[in-house]
Amino acid sequence: MKLHSMAAVALATLPNVFGITPELMLAANRYGAAAPNPSGEFAIYTVSNYTFGTRESASYWNKLDLATGDISVWYAGSDISEVVFVGPTNTSIIYVNGTNAEGNGGISLYSADANALESAKLIASLPAPYSGLKAAQTASGDIHFLLYTKAYANGTAYNKDLASASASTARIYTSIYVRHWDTYLTPEKNAVFGGVLKGGNGSYSFSGELTNYVSGICNVTCAESPYDQSDESDYDISPDGSSVVFLTKDTSLPLANYTTDVIYKVPFDGTADDAFPINARGSTKYADAQGAATSPRFSPSGKHIAYFQMNGIAYESDRNILYVADAESEDFNVTALALNWDRSPDSIAWSKDSETIFVAAPDLGRERIFPIPLGAGDSFEPKNITNEGVPSSFYVLPDESLLVSDSKIWTSRDIFAITPEGEVTKTYFQANLVDPGLKGLGPEDVSEFYYETNSSEIKQQAWIIYPEGFDESKTYPLAFITHGGPQGAHYNSWSTRWNFKVWADQGYVVIAPNPTASSGWGQNLTDSIQGNWGSYPYWDLVHAWQYVNSTLKYVDTANGIEAGASFGGYMTNWIQGHELGRWFKALVTHDGSTSTLNQYASEELWFMNHDFSGPFNASGFAPGSPYYEWNPLLYVDNWATPHFVVHNDLDYRLPVSEGLLLFNLLQTKGVPSKLLNFPDENHWVLNQENSLVWHTEIFKWINFYSGVSGAASPY
């Protein structure tokens, strides 16, 4: 269903939808992406859920018949963690069991027929926590497979359960990039390993020998693939099993200061010594291509390698450009496709004939799929074949149609088939029509509008999410939610962390704006945040609020609240000290920055250096520097609006001291405030029990100040 660009159009048809509570949302099924077998007869996907009463999680695999649409349980259990279709038939599989009989922290590899799992055969027990299985059958019938795990500097696999424990817990570092996200870095680094399964007809033997393709490539730093906390998307194996590609950070540059990646190609029967760079800085005809790279993928023919790369050497949110390398050429003959396209794609799937690359890219508040032919020139303008939603994955079927698994604000998973021209031929699954906790949710719950602002030439977009039983003749307090990043966006997608419908069904109209820095409206809007954290996006939010106040009569702005996480948390702190802060009854900051003078307490220094127009130094204490100008503490004397603060101990991107600083100042000033801290959560709150507390405490706070709850106290 097409969403309407003006809010009023959909209002008359809004039904009394089923209200979704935090408990229902958090306990609801969570679905993996549907992965088809080679002949396109069926697909399998994971399902997991949580029961609050018993505090137990459950998971299983479903099988989707792509001819009939029938769905059945394929495997009732969680011990199958990864499956790859490979072998002599279209139902032959290799799968990973996340444990092994030895119980030593390793894994097990099995072969099976997907239609006869009870006859699965154990191939090998591997003595390390390998994951990220990829595999290809060779002409001989052998299977070449890839896995990754952490490795010692000498290239051998690391297993924490088997490693000797030190008498001391000391950590010693001689270079920056000490920790990342929620983990202190150690000398052990991820590496891609390859092995051979000898045999055929579903019966294989394994010698136990694995080859490390990564460790030992060193300069200023040493190679790591997948990089840090990435995954198997950082590497690939050719269809004939003869070659491997993997990416790593550029080893000639310091990790904390630059985003540059290098993609290497290595013969499967080679070692790290044989790895050769495809896109090293200055090695292709695209001199500007010096930034982060992602998603190296062989074509089905094995002749080409597609990948994305940014230009900026120290900018993680530059525009991704699609490149194709000649896998059979010594110089790789790298060519850009649709070079001038003003979108930043981030997912790749090759057509079966290797003549088209399907990519997904943020576009106008959605993530849409676009086909790009192999011969696309610089000025080629891709046309989207999907509209609503954000795909988690998509696969090309034998008939060249795509099997898409996506989500939307009103559904946690849709699975459908679509032609390369954009015709939906079959809708297999819609979670909001099946799951009891999501029953009644639909596209009618959501609308959008565009508004004028003084920071950009284009109009900017915002989502509207309506509460249960919405009645246009009534009024509902505003819940104004600011997104993080700042480069990023509020998308038409499901979330278990910031679920707009859960917030709306507390009794609010949710407004989720996409101001300056948002992705999907062209790179200029994204890039305009540089050096302007407290200016452009702030004024965009002011204009969004003013549009709502003057146009949407069913929104009670006088009793509205505002909330944001990460950059959205920073913006909430900035709003607290400015006029917009007085237009809300309550504010919520989740893991936000309180003092921009503290930015170098983070890990990815390239982010600060870019967004604040240079590294921090003495000039950061003086007017004119973005570090100084956009510091929320300059306006601490204006703080007055009741403020709820969340900050977690394992957030190393924005250390917990930022939340403590914010809470201490609010309390010292006598501003009503409350602090919620999780010692075991990072930048996000992922544990269901913790998330329930997160929702409960925040809603208790905002519902009191907005008047929704009628409670006597927010405490």
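Rules used in this analysis
Residues numbered from 1 in each chain as written. Predicted model: local features only at pLDDT ≥ 70, side-chain atom pairs only at ≥ 80, totals over all residues. Heavy atoms only, no water. Helix = DSSP H or I, 4+ residues; strand = E, 2+ residues; numbered from the N terminus. Expected span 1.5 Å × (residues − 1). Buried < 20%, exposed > 50% of the residue type's maximum accessible area, 1.4 Å probe, protein only. Pairing = 2+ DSSP bridges. Salt bridge = Lys/Arg side-chain N within 4 Å of Asp/Glu carboxyl O. Core = buried A, V, L, I, M, F, W, Y, C linked by side-chain atoms within 4.5 Å. Contact = heavy atoms within 4.5 Å. Phe/Tyr/Trp six-rings, centres within 6.5 Å; stacked < 30°, edge-to-face > 60°. Lys NZ or Arg CZ within 6 Å of the ring centre and 35° of its normal. Disulfide = S-S within 2.5 Å. Axes fitted to C-alpha atoms, helices over the stretch in contact; angles between N-to-C directions. Parallel < 35°, antiparallel > 145°, perpendicular 65-115°, else oblique. Nonpolar A, V, L, I, M, F, W, Y, C, P; charged D, E, K, R; others polar. Polar contact = N/O pair within 3.5 Å; in protein donor to acceptor, adjacent residues only side chain to side chain.

Visitor: For this particular structure, what's the right way to read helix H5 (residues 536-551)?
Guide: Each α-helix turn comprises 3.6 residues. Residues three or four places apart therefore point the same way. Between its terminal C-alpha atoms H5 stretches 22 Å, which fits the 22 Å expected from 16 residues at 1.5 Å a residue. Among the residues making up H5, those that are buried are Pro 537, Tyr 538, Asp 540, Leu 541, Val 542, Ala 544, Trp 545, Tyr 547 and Val 548.

Visitor: What should I look at first to understand the pairing of strand E33 (residues 460-465) in this one?
Guide: Walk down a regular strand and you will see the side chains alternate between the two sheet faces. With respect to burial, E33 is a largely interior element, six of its six residues being buried. Where burial is concerned, the two faces of E33 agree: the one with Gln 460, Ala 462 and Ile 464 and the one with Gln 461, Trp 463 and Ile 465 are both buried. Note: strand E32 (residues 446-451) against E33, six bridges, orientation antiparallel. Bridged to Tyr 450 within E33 is Gln 461. Both E33 and strand E35 (residues 509-514) contribute to a ladder of five bridges, which runs antiparallel. Residue pairing for E35: Trp 463 is matched across the bridge by Ala 512.

Visitor: Would you mind going over the pattern of salt bridges with me for this structure?
Guide: Side chains bearing opposite charge may pair, as long as their charged atoms lie close to each other. Tallying each qualifying case throughout the model produces 15 salt bridges. In this structure, the salt-bridge partner of Arg 368 is Asp 363, at a minimum N-O distance of 2.8 Å. Taken as a pair, Arg 368 and Asp 363 share a single burial class, namely buried. Two residues, Lys 501 and Asp 505, come together in a salt bridge whose shortest N-O distance is 2.5 Å. Since its relative accessible area comes to 1%, Lys 501 is described here as buried.

Visitor: So what exactly am I meant to see when it comes to the nonpolar core here?
Guide: Across soluble globular proteins, nonpolar side chains have a tendency to be buried as a group. If you look at the biggest cluster of nonpolar residues, it comprises 55 residues, and the most contacted ones within it are Trp 503, Trp 694, Ile 698 and Ile 702. It is helix H10 (residues 688-706) that contributes the most residues to this core, seven residues altogether. Those residues within four positions of Ile 698 in sequence are excluded, and the remaining contacts are Trp 503, Val 588, Phe 644 and Val 646. Core analysis: the second largest hydrophobic core is formed by 44 residues, Tyr 177, Phe 584, Leu 605 and Phe 612 among them.

Visitor: In this structure, what is going on with the packing of aromatic side chains? I would like to understand it.
Guide: Two measures describe an aromatic ring pair: the distance that separates the ring centres and the angle between the ring planes. Within the structure shown, the criterion is met by 48 aromatic pairs. A centroid spacing of 5.3 Å and a plane angle of 65 degrees characterise the contact between Tyr 286 and Tyr 323, whose relative ring orientation is edge-to-face. With Tyr 286 in the loop between strand E20 (276-277) and strand E21 (293-298) and Tyr 323 in strand E23 (residues 321-326), this pair connects stretches of sequence that are 37 residues apart. The pair formed by Tyr 286 and Tyr 323 is uniform in burial state, with each residue classed as buried. Among the aromatic residues, those joined into a ring-pair cluster are Trp 533, Phe 567, Tyr 570, Trp 574, Tyr 600, Phe 607, Phe 612, Phe 616, Phe 621, Tyr 627, Trp 630 and Tyr 635. The ring of Tyr 235 has Lys 134 sitting right over it, with the charged end atom 5.4 Å from the ring centre.

Visitor: What should I look at first to understand the state of the cysteines in this one?
Guide: Note on terminology: disulfide describes a covalent bond linking the sulfur atoms of two cysteines. Summed over all chains, the structure comprises one disulfide. Sulfur-sulfur distance for the disulfide between Cys 218 and Cys 222 comes to 2.1 Å. One disulfide, between Cys 218 and Cys 222, carries an S-S torsion of 110 degrees and so falls in the right-handed class. Judged by relative accessible area, which is 43%, Cys 218 ranks as partly exposed.

Visitor: Where do I start with unusual backbone geometry in this structure?
Guide: Negative phi values dominate among residues other than glycine, just as trans dominates among peptide bonds. Cis geometry marks the peptide bond from Ser 225 to Pro 226, where omega comes out at -5 degrees. Looking at the element boundaries, Pro 226 is found in the loop between strand E16 (211-212) and strand E17 (235-237). Here the amide bond leading from Gly 485 into Pro 486 is cis, since omega sits at 5 degrees, within 30 degrees of zero. By the secondary structure assignment, Pro 486 is in the loop between strand E34 (476-482) and helix H3 (500-504). With a phi close to 45 degrees, Asp 591 is a non-glycine residue in the positive phi region. Checked against the element boundaries, Asp 591 lands in the loop between strand E37 (586-590) and helix H7 (605-611).

Visitor: Which parts of the structure should I look at to understand the packing of H5 against helix H6 (residues 567-576)?
Guide: The axes of two packed helices give the description: the angle between them and the distance between them. Viewed as axis vectors pointing N to C, H5 and H6 meet at an angle of 75 degrees, and their least axial separation amounts to 11 Å. Relative to H6, the element H5 is oriented roughly perpendicular. On H6, the residues touching Pro 537, Tyr 538 and Leu 541 of H5 are Phe 567, Met 571, Trp 574 and Ile 575. For the contact of H5 with H6, the class distribution of residues is seven nonpolar, no polar and no charged.

Visitor: What's the story with the sheet that holds strand E6 (residues 80-85) in this structure? I'm lost.
Guide: Pairing between the strands of a sheet is mediated by backbone hydrogen bonds and can be parallel or antiparallel. Taking strand neighbours across the sheet as the criterion, the four strands line up as E6-E7-E8-E9 in an open arrangement whose pairing is antiparallel. In this open sheet, the two edge strands, each paired with only one partner strand, are E6 and strand E9 (116-126). The average undirected angle you get between the axes of adjacent strands in this sheet is 25 degrees. Relative to strand E7 (residues 92-97), E6 is paired through five bridges, and the arrangement is antiparallel.

Visitor: How do you make sense of the sheet that holds E35 when you look at a structure like this?
Guide: Spatial ordering of the open sheet is given by E32-E33-E35-E34-E36-E37-E38-E39, a layout of eight strands whose pairing is mixed. Of all the strands in the sheet, just E32 and strand E39 (673-676) have a single pairing partner and so form its edges. The mean angle between the axes of side-by-side strands here comes to 20 degrees, regardless of whether they run parallel or antiparallel. Pairing of E37 with strand E38 (residues 643-646), which is carried by four bridges, proceeds in the parallel orientation. Following the sheet pairing, Leu 587 is matched in E38 by His 643. Against the sheet, H5 engages E32, E33, E34, E35 and strand E36 (555-565), with an angle of about 115 degrees to E32. Its contacts with the sheet put helix H9 (residues 656-669) on E37, E38 and E39, and the angle it makes with E39 is roughly 155 degrees.

Visitor: Where do I start with the side chain of Glu 603 in this structure?
Guide: Topologically, Glu 603 is positioned in the loop between E37 and H7. With a relative accessible area of 3%, Glu 603 lands in the buried category. At 3.3 Å, the side chain of Glu 603 and the side chain of Ser 602 are in polar contact. In this structure Glu 603 touches Tyr 177, Arg 179, His 180, Trp 181, Ala 256, Tyr 652 and Arg 653, once residues within four positions along its chain are discounted.

Visitor: I tried to follow H10 on my own but got confused; where do I start?
Guide: For H10, which comprises 19 residues, the first-to-last C-alpha distance of 26 Å matches the rise-based estimate of 27 Å (1.5 Å per residue) to within 8%. Counting buried positions along H10 yields 14 of 19 residues, so the element is predominantly enclosed. The N-cap of H10, judged by a side-chain oxygen 2.9 Å from the amide nitrogen of Glu 689 a few residues on, is Asn 687. Backbone geometry just after H10 places Gly 707 at a positive phi near 90 degrees.

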